[in-house]
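Here is how the chains run, residue by residue.
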Amino acid sequence: MFLRSMTLLKEKVTDRQSHPFTIPAIRGFERLDFKHPVTFFVGENGSGKSTLLEAIADQCGFNLGGGGRNNVYDVDASQSALGNFIRLSWLPRVTQGFFLRAESFYHFASHLDQLAREDPTFRYQAYGGKSLHQQSHGESFLSLFINRFGGGKGIYLLDEPEAALSPARQLAFLRIMHGLVKGGKSQFIIATHSPILLGFPGAHIYSFDSSAVERISYEETEHYQITKSFLNRTDKFLEDLFRDEE
Ligand SMILES: Nc1ncnc2c1ncn2[C@@H]1O[C@H](COP(=O)(O)OP(=O)(O)OP(=O)(O)O)[C@@H](O)[C@H]1O
């Protein structure tokens, strides 16, 4: 555990009528504590999870298109709306880690290809030995988790890592994360919609579905409840869903 909390610098906020303070969970945000090496952000689409995660990545000095501190490249919209309004509290401070955003991973892969073109000794060592563009989306994510994560102390900020992963690969990812967390040198903060990932034992889950970010249990998440009802009685669930359709 390295990142202990994040706090809104209220005195810096002069305009609460514009983005990102128009997002209900962000408007009510004051402080978030991290007390477990694995923290999840959950909430409806547009509830502010990525905005908060990106602000953390910004304050970590990570490339906002994806990557760590040493990955310097430009992508569109790589600015954090909230980054300058928060303070991170560390004990101890770590500088290594990775910000993964599923939506711009393509650009990160291209950035590595550019490095390989510029430096013949670059062998994609930390990425499975070949260009991420030559691996499927899911394979490239797994390569990253297996090869790039771990080593020294690091913080990993992942925005919807499940986007590319089959259910079996999501389990593989849980196993990798379990191993890294057990080693005591890794902290994960993950925005997700995956009921599988959310099942990580003991993880803390923060919901963005109300006017403040608040902690809820795994069983209280909509992801758990909807998936459970769907699987328990699929026919009945779908019958109810499609009733009165016309
Ligand atoms: N630059 C911007 N200007 C204005 N509004 C924005 C901007 N960027 C994002 N938003 C809005 O902020 C809200 C929160 O977006 P965010 O990406 O944080 O949501 P999210 O919880 O991560 O959603 P999802 O689960 O769909 O990824 C959304 O309504 C989005 O439209």
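Look up: the structure comes first, before these words.
Everything in this summary refers to the structure shown in the same document. (Residues numbered from 1 in each chain as written. Predicted model: local features only at pLDDT ≥ 70, side-chain atom pairs only at ≥ 80, totals over all residues.)

1. Let's talk about the environment of Phe237
- Note on placement: Phe237 falls in helix H7 (residues 234-242).
- Remark: the alpha-carbon pair of Phe237 and Ile226, spanning 11 residues in sequence, is separated by 9.5 Å.
- For Phe237, the contacting residues outside a window of four places in its chain are Ser229 and Phe230. (Helix = DSSP H or I, 4+ residues; strand = E, 2+ residues; numbered from the N terminus. Contact = placed C-beta atoms within 7 Å.)

2. Structural notes on unusual backbone geometry
- The omega angle of the peptide bond from His19 to Pro20 is 5°, so this bond is cis rather than trans.
- Among the structural elements, Pro20 can be located in the loop between strand E1 (3-8) and helix H1 (24-27).
- Each neighbour pair has its own omega, and for Leu91 with Pro92 the value is -10°, a cis peptide bond.
- Counting through the fold element by element, Pro92 comes out in the loop between strand E4 (86-90) and strand E5 (97-101).
- Positive phi, close to 55°, is recorded for Tyr124, a residue that is not glycine.
- Secondary-structure assignment places Tyr124 in the loop between helix H3 (105-118) and helix H4 (137-148).
- C-beta crowding within 10 Å serves as the criterion here: with 18 such atoms nearby, Tyr124 is assigned to the partly exposed category.
- Here the phi dihedral of Glu160 falls at roughly 50°; this positive angle occurs in a residue that is not glycine.
- Looking at the secondary structure, you find Glu160 in the loop between strand E6 (154-159) and helix H5 (167-182). (Buried ≥ 20, exposed ≤ 12 C-beta atoms within 10 Å, placed from the backbone.)

3. Focus: the sheet that holds E4
- In spatial order, the strands read E2-E1-E4; together these 3 strands make up an open sheet with antiparallel pairing. The strands lining the two open edges of the sheet, one partner per strand, are strand E2 (31-33) and E4. Sheet twist, expressed as the average angle between the axes of neighbouring strands with direction ignored, equals 15°.
- Taken together, the 3 bridges between E1 and E2 define a ladder with antiparallel strand orientation. Its bridge partner lying in E2, Met6 is registered against Leu32. (Pairing = 2+ DSSP bridges. Axes fitted to C-alpha atoms, helices over the stretch in contact; angles between N-to-C directions.)

4. A short note on H7
- Among the 9 residues of H7, 0 are classified as buried, and the element is accordingly described as predominantly exposed.
- Phi turns positive, to about 55°, at Asp244, one or two residues after H7.

5. A word on the sheet that holds E6
- Reading across from one edge, E5-E6-E7-E3-E8-E9 is the order of the 6 strands in this open sheet, with mixed pairing throughout. Whereas interior strands pair on both sides, the edge strands pair on one side only; in this sheet they are E5 and strand E9 (214-216). Direction aside, neighbouring strands of the sheet carry axes that sit 20° apart on average.
- Strand direction decides the pairing type here: strand E3 (residues 38-42) and strand E8 (residues 204-207), joined by 4 bridges, are parallel. Bridge assignment links Phe40 to a residue of E8, and that residue is Ile205.

Worth remembering: the numbers are spatial, not functional.
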